[in-house]
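# Remarks on the overall topology
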Amino acid sequence: MAVLNDCIYKNLALILTERIGEDEFFNGSVRWEGDGVGVTLRTTLLVYRTEGSPDKGRPGFIKKIVPVWWECEPVENGKPAASGFSWEEFKNFLPSNG
């Protein structure tokens, strides 16, 4: 089983947040690689935001990200590994984990 530590969760969360951008919905995948481990997270998400500033064209801040579906595929040393991914743990690294 791949060891998914705080560093991996944090990096995946940063990449995912960047990919979400200003959207209120996300359907796609993000990938992180480092230290012989690669992780691909495929997911569909609903993104809840605070009220933005429409007159200035700015969306609100992320309040909560709710997964509709997700699948995590880790690779260790070039070989598929069993996933120990936990959304409960991962959400702690997302903006406003409400």
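Look up a bit, the structure's there.
Residues numbered from 1 in each chain as written. Predicted model: local features only at pLDDT ≥ 70, side-chain atom pairs only at ≥ 80, totals over all residues. Heavy atoms only, no water.

### Thoughts on the pattern of salt bridges
The full count for this structure, using the stated rule, is four salt bridges. The partner of E71 in a salt bridge is R42, and the shortest N-O contact between them spans 3.9 Å. Of this pair, E71 sits in strand β3 (residues 62-76) while R42 sits in strand β2 (residues 37-49), and the two are 29 residues apart along the sequence. R42 is the partner of E73 in a salt bridge, and the nearest nitrogen-oxygen pair spans 2.9 Å. With a gap of 31 residues between them, E73 in strand β3 and R42 in strand β2 connect regions that are remote in the sequence. Among the residues examined, R42 registers a relative accessible area of 31% and is labelled partly exposed. (Salt bridge = Lys/Arg side-chain N within 4 Å of Asp/Glu carboxyl O. Helix = DSSP H or I, 4+ residues; strand = E, 2+ residues; numbered from the N terminus. Buried < 20%, exposed > 50% of the residue type's maximum accessible area, 1.4 Å probe, protein only.)

### So, a nonpolar patch on the surface
A cluster of nonpolar side chains, namely F25, L46, Y48, V68 and W69, defines an oily patch on the protein surface of about 500 Å² accessible area. Taken together, the elements giving at least two residues each to the nonpolar patch come down to β2 and β3. Following the sequence through the fold, W69 ends up in strand β3. The exposure class of W69 is partly exposed, given its relative accessible area of 42%. (Patch = residues over 30% accessible without salt bridge, like charges linked within 9 Å, V, L, I, M, F, W, Y side chains within 5 Å. Areas by Shrake-Rupley, 256 points an atom, 1.4 Å probe, with all protein chains shown as cover.)

### Some words on the side chain of T40
Turning to its location among the elements, T40 is positioned in strand β2. Owing to a relative accessible area of 12%, T40 belongs among the buried residues under this scheme. Engagement of the side chain of T40 in a polar contact is seen with the side chain of R31, the distance being 2.8 Å. Filtering out sequence-adjacent residues up to four positions away, T40 remains in contact with S29, V30, R31, E71, C72 and E73. (Polar contact = N/O pair within 3.5 Å; in protein donor to acceptor, adjacent residues only side chain to side chain. Contact = heavy atoms within 4.5 Å.)

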